[in-house]
Amino acid sequence: MKNLLKEFSEADLKIFKEEFNDFLPKKILDSHIHLWKKEFFKEEISIDKQKTNPFADKDIIDGFTFSDFKFVANKLFPNKIYEGLFFGLPIKEINLQMANKYISNVCMENNCYGLYIPEPNLKNIPEDFFKNRFIGFKPYPDLVEYKMPTDFSELDIDVSIFDFISKKVLEFSEENGLMLLIHIPRKNRLNDKRNIEEISTIATKYKNIKIILAHAGRSYCYSDIKDSINYLKDFKNLYVDTAMINNFSVNKLLIKELGPEKILYGSDLAIAALKGKNIEINNKHYFVTNVPHSWSLSSSEMNLDNFTYFIYEIIGAIKIAVKSLNLGKEDIENIFYLNTKRLIDDILYSISKN
Ligand SMILES: [Zn+2]
């Protein structure tokens, strides 16, 4: 990633010290971190994708390594022990084998764990899956062979969840009680009944799988989740992560309806290391950034120097929700550390017995 934290200032540090230092527990476990290197790309990323997908932006696509992660964690979270659950960048142009191998190497060297990005039709689980420190999967809709209508954003790809999560992945995850981090497809997200049906099918049929909805089912807007939460709240094996959610009313609803024990703090680094905010306008979400990008709202004329990092906006939106619900220290520690830690420990236990 180019210019990593180049704009870090005293004002950002002040936010951390005043808003987050006391609020956050000493140990933080970020459940949603992408790591990759530029040399993993096997082909050029299309201009269309560069325009619409923040991760494909020319300032970001160059890579985000484990040492970049350490740099960001130390600078933005001084005095905290900031750990992560890692996976590659799930886009078609990347060599998945290299992407997964890198995660495995990082995790072996640094005593952490990762999620494996599977091919949509994966039929054989790679050898030494657990030895390579994978504890689950991060499947992704964009990996499906699919002819995108020209007026479509690639983030809204119209495929079934079962088009990118193979039966083998489901069965292996069930057998070992693994994590399955699902980035849901389709334009209407959780308001698309087909997504609800497919999530329900997985949650009911595969009760041992720890299902995590990435970005709480891509619910950046309150309208994305306010009705659909009713269909999700009774599944014991369903969790959500907070990656890139900047909206406290979404967090408040999630905590209230699912319970704080189902909320996993996640950032979506590397993108969360940019300055900006994810906002909701008339039931649609937009990225706003201090520096203009083709995928964000911005202004080259206005002086936007009071912006801070997405990752602080994510935590700020959790803080407001937590405070408005009067949650205590224990619940805060659960959200930022223990919920994910317990899932990992549970998986390690289950693997050791199998
Ligand atoms: Zn992500």
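All values derive from a computational prediction rather than experimental measurement.

A. Region of the structure containing the environment of Ile-314. Its location among the elements puts Ile-314 in helix H12 (residues 310–324). Ile-314 gets classed as buried once you count the C-beta atoms within 10 Å, which come to 26. Along the primary structure Ile-314 and Asn-251 are separated by 63 residues, whereas in three dimensions their C-alpha atoms are 9.8 Å apart.

B. Structural context of the sheet that holds strand E11 (residues 276–281). The strand order E11-E12-E13 describes an open sheet built from three strands, whose pairing is mixed. Pairing within the sheet leaves two strands with one partner each, and these edge strands are E11 and strand E13 (296–297). Taken together, the two bridges between strand E12 (residues 284–289) and E13 define a ladder with parallel strand orientation. Note on E13: the bridge partner recorded for Phe-287 is Ser-296.

C. Region of the structure containing the packing of helix H11 (residues 248–258) against H12. Close contact between H11 and H12 brings their axes to 8 Å; oriented N to C, the two are set at 50°. For the element pair H11 / H12, the angle class is oblique. Regarding H11 and H12, the two cross each other, and that crossing is right-handed. Contact with H11, carried on its side by Phe-248, Asn-251, Lys-252 and Ile-255, involves Ala-317, Ile-318, Ile-320, Ala-321 and Ser-324 of H12 and no other residues of that element. A class-by-class count of the residues in the contact of H11 with H12 yields six nonpolar, two polar and one charged.

D. Geometry of the sheet that holds strand E8 (residues 210–213). Taken together, eight strands build an open sheet; the order of strands is E1-E4-E5-E6-E7-E8-E9-E10 and the sheet is parallel. The sheet is open, and its two borders are formed by strand E1 (27–34) and strand E10 (263–264), each paired with just one other strand. Pairing of strand E7 (residues 179–182) with E8, which is carried by four bridges, proceeds in the parallel orientation. Counted as the bridge partner of Leu-181 is Ile-212 from E8.

E. Geometry of H12. Along its 15 residues, H12 runs 21 Å from first to last C-alpha, staying within 8% of the 21 Å computed at 1.5 Å per residue. Among all positions in H12, only Phe-310, Ile-311, Tyr-312, Glu-313, Ile-314, Ile-315, Ala-317, Ile-318, Ala-321 and Val-322 are buried. Taken from the residues just after H12, Asn-326 is the one with a positive phi, measuring 55°.

F. Molecular detail of helix H3 (residues 66–76). Buried within H3 we find Phe-69, Val-72, Ala-73 and Leu-76. The buried residues of H3 all sit within an arc of 95° when viewed along its axis, so they share a single face. Those residues of H3 that are exposed and angled more than 90 degrees off the buried face are Ser-67 and Asn-74. Next to the buried residues of H3 lie helix H1 (10–20), E1, strand E3 (63–64), strand E4 (81–87) and H12.

Analysis parameters
Residues numbered from 1 in each chain as written. Predicted model: local features only at pLDDT ≥ 70, side-chain atom pairs only at ≥ 80, totals over all residues. Helix = DSSP H or I, 4+ residues; strand = E, 2+ residues; numbered from the N terminus. Buried ≥ 20, exposed ≤ 12 C-beta atoms within 10 Å, placed from the backbone. Pairing = 2+ DSSP bridges. Axes fitted to C-alpha atoms, helices over the stretch in contact; angles between N-to-C directions. Parallel < 35°, antiparallel > 145°, perpendicular 65-115°, else oblique. Left-handed = near helix turned anticlockwise from the far one by under 90°. Contact = placed C-beta atoms within 7 Å. Nonpolar A, V, L, I, M, F, W, Y, C, P; charged D, E, K, R; others polar. Expected span 1.5 Å × (residues − 1). Arc of directions from axis to C-beta.

By themselves, these observations are geometric and do not establish any function.
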